[in-house]
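# Observations on the three-dimensional arrangement
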Amino acid sequence: MKKITYLQAMREAVRLEMIRDTNVFIAGQDVGVMGSSFGQTAKLLQEFGPQRVVDTPISETATVSLAVGAAALGLRPLITMEFMDFMAVCMDEIINQAAKMRYMLGGKTKIPMVIETLCGGGSSAGAQHSQCLEALFTHIPGLKTITASTPADAKGLMASAIRDDNPVIFIGHRGLLANSGEVPEGEYIIPLGKADIKRSGSDVTIVTWSAMVQKSLAAAELLAKEGIGVEVIDLRSLIPLDKECFLNSMGKTGRLVIVHEAVGTGGFGAEIAAIACDEGFDLLDAPIKRVTAPFTPVPFNSNMEKEYLVNEDKIFQAVKSLYE
Amino acid sequence: MKIGKDKMLNLYEIMVKIRQFEEKAKELFLSGELGGFLHLYNGQEAIAAGVCANLTDKDYITSTHRGHGHVIAKGGKVDRMMAELYGKATGYNKGRGGSMHIADLDTGILGANGIVGAGMPIAVGAAFALKYKGSNNVAIAFFGDAASNRGTFHEAINMASVKNLPVVFICENNGFGISTPQSAHQIIKDVSVRAGSYGIPGITVDGNDVLAVYENAALAVSRARKGEGPTLLECKTWRQYGHFIGDPEKYKDPEDQKKWLERDPIQKYEEKLLTLKLVTMDELVAIKENVKRSIEEAVSFGKNSPQPSPKEIYTDIYAK
């Protein structure tokens, strides 16, 4: 194993899949010479040429549809949306076309495509460059929605996403790009739909994903000093969802806290809470708590954004409140 | 352009098949046998027939909510189509799609589409894949005058032109976006003028003249096959019925309707074939009778086919 960054891990997975399968191509804004805004596709143009690393106009709608049409004919497109917020401009293509084509056609086609995007606040990027919009996609049958919290997960999940025969929304986090960690070299696959226990504990279960995994782990460290053992479950894949993983954990702890960066109202945490109640009510010894962003847009001012974002302390307090 | 008698009669047969399919679908819908929405293609038959006569099974089309004509002209089988209108297990989409989503990838039909203007950029994606694979096949996007106001029109044609993709954009200008006349939804008269913005050829033809459509589509398809890029071909026509069956059509001027019915594409083509003495009235009647039998068989196939199990709703959401 070697230590590389989250960004390098994402890129390495894409590169290996492009070597492995000539049907894989990349299309998106600035993916070529620029290597994408944050370097996700750096130097891939030189290695694979402009036929497979396709710079597109700023046309999110046409780019997603290009992927849908190409995927229906057997290619495996990876398209990039530098900021998740931009996906709002191509929702018909994702929701009504990519997600539904196989089903509407009676199962006679596959749409193997990946939309790689980055979410997340914390850099004063403002209301249109900071959102975590995963819940818009988890609501749609036909889509798979996945996140990654570590470099190793980024590599293994990206490879799986590209090999998957369905439209997959791969949500990276801008705040994690520079994080480094040990990542297996060569082919590395993490199956979609498998959560990961990032820390074991027997008192409280935290269900979380993406950048909130690190925040939850930091809070768990503080809570351990208070004698509270926290189990941190990184869902990784939201759809398909590994509910057994957190239901089992709840069986052990009897307490559930859900942590996500997105706005709480209608967020995916509400779905987790509903499943926990429906299928694990008898396991619970305390009310379920959610730690999420408030129901506001993401503000620009850094102090205001601090107020908005979930942090270790908010998680710490939520867990502590279960013992009051 | 030289076109043989067989091809000319084939164009006729396709148009007649579309017309009879639509008339039968209308009858079944009004009698309550078919559910959902029905957007009929009557009056526009020359466009689907004339364009698709230039294509093979390895070429692809994207269609619209008014898609039956395109599917028939591209080689869709009327029995599987009728079964789909009935929502039966034997339908093209196993009853999951219905009128607005009929598709058959084996014959290059990527699907009718319930979202106006959504097919254009998907055809661009198909064209991208065809070029990527090194084939000389093409993709065709059918859409209407009103869809040319959507952002997808702009993004699709811009993408296709800047990437020099083998796609032909066929605008079926039938004069209305649902009830809104063209003059109220865009200031231009010819959608084809928009091609200039993308640096590609834009041509307007009489969409009720099947030979004019055929010949101009042939040029556009040939350009695409040779790697010369996309073309915007506008075919002026008239939607003989309303937007959907049940539409009272109060927005139509009866004078316009009368004028266009006199220019019915099938009637006009019959007259041409007879004038050229390429065919006798008996031969035309025989073609119509043959088509009529196939439509009756299709209805019987659709009606007598099994219903899909309700439990089928849980399958094919994801590919394994």
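Fair warning: this is a prediction, and the values are worked out from it, not measured in the lab.

### Description of the overall build of chain B
Broken down by element type, chain B carries 11 helices and 7 strands. In terms of overall dimensions, chain B has a C-alpha envelope of 55 × 50 × 40 Å along the principal axes. For chain B, buried positions account for 58% of its 320 residues. Of the contacts formed within chain B by residues at least 6 apart in sequence, a portion of 73% connects residues at least 24 apart. For chain B, the computed accessible surface area is about 12900 Å², with 54% contributed by carbon and sulfur atoms. Once the 40 positive and 38 negative side-chain charges of chain B are each reduced to a mean point, those two points are 4 Å apart.

### What to know about the domain arrangement of chain A
All names here are of chain A. Taken domain by domain, chain A comprises domain 1 (2–183) and domain 2 (196–321). Taking only C-alpha atoms, the centre of domain 1 and the centre of domain 2 are 26 Å apart. Between domain 1 and domain 2, the contact holds 26 residues from the first and 26 residues from the second. In total, about 1900 Å² of surface goes out of reach between domain 1 and domain 2, with carbon and sulfur atoms giving 57% of it. Linking domain 1 with domain 2 are 2 salt bridges.

### Considering the side chain of Glu234(B)
Residues and elements named next belong to chain B. Note on placement: glutamate 234 falls in strand 7 (residues 231–236). In terms of polar contacts, glutamate 234 uses its side chain to reach the side chain of asparagine 173, at 2.9 Å. For glutamate 234, the contacting residues outside a window of four places in its chain are Cys171, Asn173, Lys189, Asp190, Val191, Ser192, Ile203, Thr204 and Val205.

### Some points on the nonpolar core
Side chains that are nonpolar tend, in soluble globular proteins, to be buried together. Phe25(A), Val64(A), Ile94(A), Met113(A), Ile115(A), Phe128(B) and Phe169(B) are the most contacted members of the largest nonpolar core, which has 70 residues in total. With 10 residues, the single largest contributor to this core is helix 5 (residues 119–132) of chain B. Excluding residues within four positions of it along the chain, Met113(A) makes contact with Val64(A), Ala67(A), Val68(A), Pro77(A), Ile79(A), Ala98(A), Asn166(A), Pro167(A) and Val168(A). Judged by nonpolar contacts, the second largest core, of 65 residues, contains Ile18(B), Phe21(B), Leu38(B) and Leu40(B).

### Overview of the packing of helix 5 of chain B against helix 6 (residues 151–162) of chain B
A packed helix pair is summarised by two numbers, namely the angle formed by the two axes and the spacing between the axes. Residues and elements named next belong to chain B. Two elements in contact, helix 5 and helix 6, have axes whose closest approach is 8 Å; the angle formed by their N-to-C orientations is 20°. The angle between helix 5 and helix 6 places the two elements in the roughly parallel class. As for the relative orientation of helix 5 and helix 6, their crossing is left-handed in sense. On the side of helix 5, the interface is formed by Met120, Pro121 and Val124, while helix 6 contributes Thr152, Phe153, Ala156, Met159 and Ala160. Across the contact of helix 5 with helix 6, the residue classes tally to 7 nonpolar, 1 polar and no charged.

### Details of the pairing of strand 6 (residues 202–206) of chain B
All names here are of chain B. The pairing of strand 6 with strand 7 spans 5 bridges and is parallel. Looking at the pairing, glycine 202 lines up with leucine 232 of strand 7. For the crossover that starts at strand 6, traverses helix 8 (residues 210–225) and ends in the parallel strand 7, the hand is right-handed.

Conventions used here
- Residues numbered from 1 in each chain as written.
- Chains lettered and ligands numbered in written order.
- Predicted model: local features only at pLDDT ≥ 70, side-chain atom pairs only at ≥ 80, totals over all residues.
- Heavy atoms only, no water.
- Helix = DSSP H or I, 4+ residues; strand = E, 2+ residues; numbered from the N terminus.
- Buried < 20%, exposed > 50% of the residue type's maximum accessible area, 1.4 Å probe, protein only.
- Contact = heavy atoms within 4.5 Å.
- Areas by Shrake-Rupley, 256 points an atom, 1.4 Å probe, with all protein chains shown as cover.
- Lys, Arg positive; Asp, Glu negative; His and termini not counted.
- Charge placed at Lys NZ, Arg CZ, Asp CG, Glu CD.
- Domains from an automatic or database assignment.
- Buried area = accessible area lost by both parts, 1.4 Å probe.
- Salt bridge = Lys/Arg side-chain N within 4 Å of Asp/Glu carboxyl O.
- Polar contact = N/O pair within 3.5 Å; in protein donor to acceptor, adjacent residues only side chain to side chain.
- Core = buried A, V, L, I, M, F, W, Y, C linked by side-chain atoms within 4.5 Å.
- Axes fitted to C-alpha atoms, helices over the stretch in contact; angles between N-to-C directions.
- Parallel < 35°, antiparallel > 145°, perpendicular 65-115°, else oblique.
- Left-handed = near helix turned anticlockwise from the far one by under 90°.
- Nonpolar A, V, L, I, M, F, W, Y, C, P; charged D, E, K, R; others polar.
- Pairing = 2+ DSSP bridges.
- Right-handed = clockwise from strand over helix to strand, strands pointing away.

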